[in-house]
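Residue-level listing of the chains:
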Amino acid sequence: MKNEKGIIKISVRNLVEFILREGDIDNRNGKAASAEAMQEGSRMHRKIQQRMGPNYHAEVPLRIAIEEEDYQLVIEGRADGIMIENTDDSEYTFADNFNHIELGCDARVTIDEIKGIYQKVELLEAPIGVHLAQAKCYAYIYAVQHDLPRIGVQMTYCNLDTKDIRYFKEEFAFGELSEWFWHLVDEYKKWADFQFAWRKLRQDSIKRLEFPYEYRKGQKELAAGVYRTIARGKNLFIQAPTGVGKTISTIFPAVKAVGEDLGDKIFYLTAKTITGTVAREAFELLRTKGYQAKVIQITAKEKLCKCEEMDCNPVHCPYAKGHYDRVNDAVYNLLQKEDVFTREVLLEQAEEYMVCPFEMCLDVATWVDDIICDYNYVFDPNVYLKRFFAEGTKGDYIFLVDEAHNLVERSREMYSAELYKEDFLATKKLIRHYDERLAADFEKCNRILLEYKRECEKYVLYDNIGNLIFALMRLASNLDEFLQKRAEFPERKEVTEFYLNLRNFMNMYELVDEHYVIYSEHEEDGRFKIKLYCVDPSLNLQERIDKGNATIFFSATLLPIQYYKNLLSTKKDNYAVYAETAFSDDQRLLLFGNDVSSKYTRRNAKEFARIADYIRMTAQAKKGNYMVFFPSYKMMQQVYEVFCGLAQVLPEKPEDIENSEGQSMPDDSGKISAILQQPSMKEEEREAFLAAFSEETSAARNGSLVAFCVLGGIFGEGIDLKNEQLIGAIIVGTGLPQISNEREILMNYYEKRSGEGFDYAYRYPGMNKVLQAAGRVIRTVSDVGVIELLDERFLQSDYRGLFPREWEKRTVCNVGNVEGYLREFWEADGRC
């Protein structure tokens, strides 16, 4: 709102899809029913537009401003094409832009709306309602601006597999269009009124808002850097050591930037639910200080679904039936009575209105000020919020990306896709009784993959898989038609799952360029796969980042920062900041063991015994809770068995800790309790494991607790054990990812590109896990603890160059003198 009266904007597409939707949620219709494709449709748009004659004008921006009492409602969009023909052979002339064309008196104007679809075009009996509504909006805007008594609309549908095209043409009198358009606007007016009134309340509250704490050392400078970045519309990478207060130090300046009209909506993006909870608490803190804002934390679909099985159609889910007939009322009512939309609030409202809670949650997000959600909802091409990030759209968004080091591997997964040969045979068996022609399409793809399989020993890289893609396109088209015609059959769920995976592969293939590697391999279980591997996700991420005004990437382990700048963005003018730590060197003892290693050639009984001695002496130096991190479950188990064989060790199970609450622990004075992380722990098992660190349980224990964990696992980051809950971490090994074909491909790619293959594939990802594990110990300014890195390789210059600034004060030790260093540290200032 940069003028005095204020502006409310909405795109033509969002307007018609929001107001005119009706009926059921129905996953049985597959992608064809939603009819529109993702980014792969853009290429087809351009091809169709380029084939049209000189009277065809592509990608024409159209805009209408409607004056309301308190604000101006702007409805805008971009018509795919406008065709102008003068029947009297006179010529039309151009003024400064296309919207000021001077038309001849008999000019015939047609608005063209192009839609790329998966459904076979011959199955379409009429244009899809919301698509036609889009074209009618553009037709009205153009007609009113050029005083046209009549105007035509052409719907152009193109099948993205077959490239077949079908047209639907219709002509409208201006009076008919006008009545229809203003009815649409009237339906939206209450929403615009709400948006304007709430925005005014929010903006006024932000102007009075102050930072909720006394600034820590370096915190004010960090917040100012975030604000300046947003004001300049740039991206910022922040290395933010633990204790800086990175959550409030990014949220507060982002909120203040919104108050100065530098953005309108804040997306706080996380990799884990727990960091999202911290962000919600920060927003809530600002609300207690006067910030008027609506906040939502998007909950995963499976945690909101009220049915035993997520099968989103009116047959299996009562909330799906008639959902779109009721959801707008449910959302509007909820916005009037709530400001913070928790899982419980959403479930209660969904039950009252009998709508899908997850879909309603996404609709509520449209109207809130602050959205806390997983990375997927912005970056993943299959999950992203199309309400905000549809093709060709841009918004006044500020992206705050927490724990940004996680986004590298997450984005590689998002933009990669794979197919398994065995799935083609399995799905062929399911459908051959229904459609022999379709079974033949499956067999064609299977034969091509069989040829690939015979050529593959370890793995094979491909420059071109055109023969497979052609066969997949035919299969996808015919499978889509099959699913459209058969609403119900026993194997539908499995076939639909295969179809969606196939479509995802085809969609990702549209993105394949020099940032990708295509390869095939035999997996350990014998299955053969072909994969589109997004080695460098920077370009795909940048396209999403460009949807907003500014992006702030931050993490306590964003080192080396150039590595993350290269992989998370293509911009060369991104800013970077190393935030000043609030902790002192005296709070920690940082030890480097120079007589141990986790190298495979050194993994033997003697090495395990030395590591076990380090752990024992550390745990005996001061009673407390310790974590020991290993590069693999196997090595963890091997050292754990040696450790538990020591006379001073008492093996313990997390469930025993949980069941002993309120009871005194056995009298095993001086003994060290040991617990072990298990693979694939369930939520209740993780909670029981962490319960062993509680202050109450620790006080009842007579000796120290040592938890054996895996580097990069669920306890290696994202947990917050403050004060006496954790006083030491021992990291065994450099955290290098396990050798695999994919790691080798990654290494070779970056070796050719920059000569940094080993760093990008192994050293940098491994060191990040080490830094994350080390960061578990000192969480507050009052915490004191020990960090030990046990691997002689840490003393090499290649690793020392990756240490954070805070590690400048460090001590090299061995198993013979570590006890002395520990004793000296704990006895200082009466810590023992």
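Residues numbered from 1 in each chain as written. Predicted model: local features only at pLDDT ≥ 70, side-chain atom pairs only at ≥ 80, totals over all residues. Heavy atoms only, no water.

Per the secondary structure count, the protein chain includes 30 helices and 26 strands. Relative to its length of 832 residues, the protein chain is compact, with a C-alpha radius of gyration of 30 Å against a globular reference of 28 Å. Counting across all 832 residues of the protein chain, residues that qualify as buried make up 56%. Pairs at least 24 residues apart make up 78% of the contacts formed inside the protein chain by residues separated by at least 6 positions. Accessible surface for the protein chain amounts to roughly 35900 Å². Of this, 46% is attributable to carbon and sulfur atoms. Across the protein chain, the 108 positively charged side chains and the 135 negatively charged ones have centroids separated by 3 Å. (Helix = DSSP H or I, 4+ residues; strand = E, 2+ residues; numbered from the N terminus. Rg over C-alpha atoms; globule rule 2.2 N^0.38 Å. Buried < 20%, exposed > 50% of the residue type's maximum accessible area, 1.4 Å probe, protein only. Contact = heavy atoms within 4.5 Å. Areas by Shrake-Rupley, 256 points an atom, 1.4 Å probe, with all protein chains shown as cover. Lys, Arg positive; Asp, Glu negative; His and termini not counted. Charge placed at Lys NZ, Arg CZ, Asp CG, Glu CD.)

It is worth spelling out the sheet that holds strand S7 (residues 235–239) at this point. Read from one edge of the open sheet, 8 strands run S10-S9-S11-S8-S12-S17-S7-S18, paired in parallel fashion. In this open sheet, the two strands that pair with only one neighbour each are strand S10 (340–341) and strand S18 (575–578). Looking at chain direction, S7 and strand S17 (residues 550–555) are connected through 5 bridges and run parallel. The residue bridging asparagine 235 from the neighbouring strand is threonine 551, located in S17. (Pairing = 2+ DSSP bridges.)

Let us look at the packing of helix H6 (residues 219–232) against helix H7 (residues 246–259). Where H6 meets H7, the axes come as close as 8 Å, and the angle between the chain directions of the two elements is 45 degrees. With respect to their mutual orientation, H6 and H7 come out oblique. Between H6 and H7 lies a crossing of right-handed hand. Taken together, the residues of H7 that come into contact with H6 (itself represented by Gln219, Leu222, Ala223, Val226, Tyr227 and Ile230) are Ile248, Ser249, Thr250, Pro253, Ala254, Lys256 and Ala257. For the contact of H6 with H7, the residue count by class is 9 nonpolar, 3 polar and 1 charged. (Axes fitted to C-alpha atoms, helices over the stretch in contact; angles between N-to-C directions. Parallel < 35°, antiparallel > 145°, perpendicular 65-115°, else oblique. Left-handed = near helix turned anticlockwise from the far one by under 90°. Nonpolar A, V, L, I, M, F, W, Y, C, P; charged D, E, K, R; others polar.)

With that settled, the discussion passes to the pairing of strand S24 (residues 728–732). A regular strand places its side chains so that they alternate between the two faces of the sheet. Counted residue by residue, S24 has 5 buried out of 5 residues, so it is predominantly covered. Alternating positions in S24 separate into two faces, Gly728, Ile730 and Val732 on one and Ala729 and Ile731 on the other, with burial throughout. Judged from the 4 bridges that link them, strand S20 (residues 625–630) and S24 form a sheet pairing that is parallel. Within S24, the position partnered with valine 628 by the bridge is isoleucine 730. Summarising the sheet, S24 and strand S25 (residues 785–790) pair through 5 bridges and their orientation is parallel. Residue pairing in the sheet places alanine 729 in a bridge with isoleucine 787 of S25.

For any pair of aromatic rings, geometry is given as the distance between the ring centres together with the angle between the planes. A complete count under the given rule lists 53 aromatic pairs for this structure. With a centroid separation of 5.2 Å and an interplanar angle of 35 degrees, the aromatic rings of phenylalanine 592 and phenylalanine 803 are classed as tilted. Of this pair, phenylalanine 592 sits in strand S19 (residues 588–593) while phenylalanine 803 sits in the loop between helix H29 (797–800) and strand S26 (811–813), and the two are 211 residues apart along the sequence. The burial state of phenylalanine 592 is the same as that of phenylalanine 803; both residues are buried. Taking 6.0 Å as the distance between ring centres and 75 degrees as the angle between the ring planes, the aromatic pair formed by phenylalanine 794 and tyrosine 799 counts as edge-to-face. (Phe/Tyr/Trp six-rings, centres within 6.5 Å; stacked < 30°, edge-to-face > 60°.)

A contiguous patch of negative charge on the surface is contributed by Glu683, Glu684, Glu685 and Glu687. Note that glutamate 683 resides in helix H25 (residues 683–691). (Patch = residues over 30% accessible without salt bridge, like charges linked within 9 Å, V, L, I, M, F, W, Y side chains within 5 Å. Salt bridge = Lys/Arg side-chain N within 4 Å of Asp/Glu carboxyl O.)

Because an α-helix packs 3.6 residues into every turn, residues spaced three or four apart end up facing the same way. In this model helix H10 (residues 323–337) runs 21 Å from its N-terminal to its C-terminal C-alpha over 15 residues, within 8% of the 21 Å that 1.5 Å per residue would give. Buried residues in H10 make contact with helix H1 (12–19), helix H5 (174–207), S10, helix H11 (343–353) and helix H12 (357–365). (Expected span 1.5 Å × (residues − 1).)

In this section: the pairing of strand S16 (residues 528–534). In terms of burial, S16 is a largely internal element, 7 of the 7 residues being buried. Neither face of S16 is open: one carries Phe528, Ile530, Leu532 and Cys534, the other Lys529, Lys531 and Tyr533, and all of them are buried. Pairing of strand S13 (residues 417–420) with S16, which is carried by 4 bridges, proceeds in the antiparallel orientation. Across the sheet, tyrosine 420 pairs through a bridge with lysine 529, a residue of S16. The sheet contact formed by strand S15 (residues 516–522) and S16 spans 7 bridges and is antiparallel. Counted as the bridge partner of histidine 522 is phenylalanine 528 from S16. Counting the residues in the hairpin turn of S15 and S16 gives 5 residues, including glycine 526, whose phi is positive at 95 degrees.

Our next topic: the environment of alanine 139. By the secondary structure assignment, alanine 139 is in helix H4 (residues 129–146). Spatially, the C-alpha atoms of alanine 139 and valine 12 are 11 Å apart, while their sequence positions differ by 127 residues. Alanine 139 has contacts with Ile111, Ile151, Val153 and Leu177, leaving out every residue within four places of it along the chain.

Here the focus is the confidence of the model for the protein chain. The pLDDT averaged across the protein chain works out to 91; a share of 92% of its residues lies at or above 70. Note that pLDDT drops below 50 for residues 31–36; the model gives that stretch 22 contacts with residues more than four away or on any other chain. Contacts from residues 660–667, a stretch scored under 50 in pLDDT, to residues over four places away or in other chains number 9 contacts. (pLDDT = per-residue confidence, 0-100.)

A few words on the sheet that holds S15. The strand order across the open sheet formed by 4 strands is S13-S16-S15-S14, and the pairing between neighbours is antiparallel. Edge positions in the sheet fall to S13 and strand S14 (459–462), since each of these pairs with one other strand and no more. Between one strand axis and the next, the sheet turns through 20 degrees on average, direction left out of account.

Our next topic: the packing of H7 against helix H8 (residues 273–288). For the pair H7 and H8, interaxial distance at closest approach is 10 Å and the crossing angle is 50 degrees. Of the possible angle classes, the one that applies to H7 and H8 is oblique. Between H7 and H8 lies a crossing whose hand is right-handed. When H7 is examined against H8, the residues Thr247, Ile248, Ile251, Phe252 and Val255 are found in contact with a partner set consisting of Val278, Ala279, Ala282, Phe283 and Leu286. Residue composition of the contact of H7 with H8, grouped by class: 9 nonpolar, 1 polar and no charged.

Our focus in this paragraph is unusual backbone geometry. Outside of glycine, negative phi angles account for most residues, and trans bonds account for most peptide bonds. Looking along the chain, the bond that leaves leucine 559 and enters proline 560 is cis, with omega of -10 degrees. Along the chain, proline 560 turns up in the loop between S17 and helix H21 (561–568). A positive phi angle, near 60 degrees, is found at aspartate 261, a position not held by glycine.

All told, the structure shown has 0 disulfides when counted by the stated rule. Unpaired in this structure, cysteine 317 has its nearest cysteine sulfur neighbour in cysteine 307, at a distance of 3.6 Å. (Disulfide = S-S within 2.5 Å.)

A word on the pattern of salt bridges. Inspection of the entire model under this criterion finds 55 salt bridges. Among the salt bridges present, the one from lysine 234 reaches aspartate 573, with a minimum N-O distance of 2.5 Å. Highlighted residues: lysine 234 in the loop between H6 and S7 and aspartate 573 in the loop between H21 and S18, separated in sequence by 339 residues. Look at lysine 234 and you get partly exposed, because its relative accessible area is 25%. On the basis of relative accessibility, which here comes to 36%, the residue aspartate 573 falls in the partly exposed class. Among the ionic pairs, glutamate 359 bridges to arginine 387, the shortest N-O distance being 3.7 Å. Here arginine 387 lies in helix H14 (residues 386–389) and glutamate 359 lies in helix H12, a separation of 28 residues in the sequence.

Mapping isoleucine 165 onto the fold places it in strand S6 (residues 165–173). Separated by 642 residues in sequence, isoleucine 165 and tryptophan 807 have C-alpha atoms that sit 64 Å apart. In this structure isoleucine 165 touches Ile48, Arg51, Val121, Thr156, Tyr157 and Cys158, once residues within four positions along its chain are discounted.

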